[in-house]
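Take a look at the letters that make up each chain.
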Amino acid sequence: MIVVTRLNGTRFAVNPDIIERIHESPDTHLVTLDGATYVVRESLAEVVELIANYRAYILRRAQDLPTVTGYPLSLVRTPDPDGR
């Protein structure tokens, strides 16, 4: 989650994975996948930076997870419709 500020000064957290687009006109608008719009004080560049930092944090946390031996990661394949 990233924390942003509404124009009235209240802060709230939003999941960056559901943000579809961000635009400035001149206020910054966050538009989510379901069409909800939030107007925030942060600039477009600041919001993009918040999202990049959040995703970098998630990757760092994932690297810190212990390795489980005997359970290698692999792709899960869907069955071939022809049965092959």
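Anything mentioned here points back to the structure above.
The model shown is predicted, which means the values in this text are computed figures rather than measured ones. (Residues numbered from 1 in each chain as written. Predicted model: local features only at pLDDT ≥ 70, side-chain atom pairs only at ≥ 80, totals over all residues. Heavy atoms only, no water.)

### A look at the pairing of strand E1 (residues 2-5)
Stage number 1. With four bridges joining them, E1 and strand E2 (residues 11-14) adopt antiparallel strand pairing. Within E2, the residue paired with Val 3 across the bridge is Ala 13.
Stage number 2. Joining the antiparallel neighbours E1 and E2 is a turn of five residues, in which Gly 9 adopts a positive phi near 95°. (Pairing = 2+ DSSP bridges. Helix = DSSP H or I, 4+ residues; strand = E, 2+ residues; numbered from the N terminus.)

### What about the pattern of salt bridges?
Stage number 1. In this structure the tally under the stated criterion is two salt bridges.
Stage number 2. Here Arg 55 and Asp 17 are joined by a salt bridge, their closest N and O atoms 3.1 Å apart. Of this pair, Arg 55 sits in helix H1 (residues 44-63) while Asp 17 sits in the loop between E2 and strand E3 (19-24), and the two are 38 residues apart along the sequence.
Stage number 3. Residue class for Arg 55 comes out partly exposed when judged on its relative accessible area of 40%.
Stage number 4. What makes Asp 17 partly exposed here is its relative accessible area of 47%.
Stage number 5. In this structure, the salt-bridge partner of Glu 20 is Arg 21, at a minimum N-O distance of 3.5 Å. (Salt bridge = Lys/Arg side-chain N within 4 Å of Asp/Glu carboxyl O. Buried < 20%, exposed > 50% of the residue type's maximum accessible area, 1.4 Å probe, protein only.)

What is shown is where atoms sit, not what they do.
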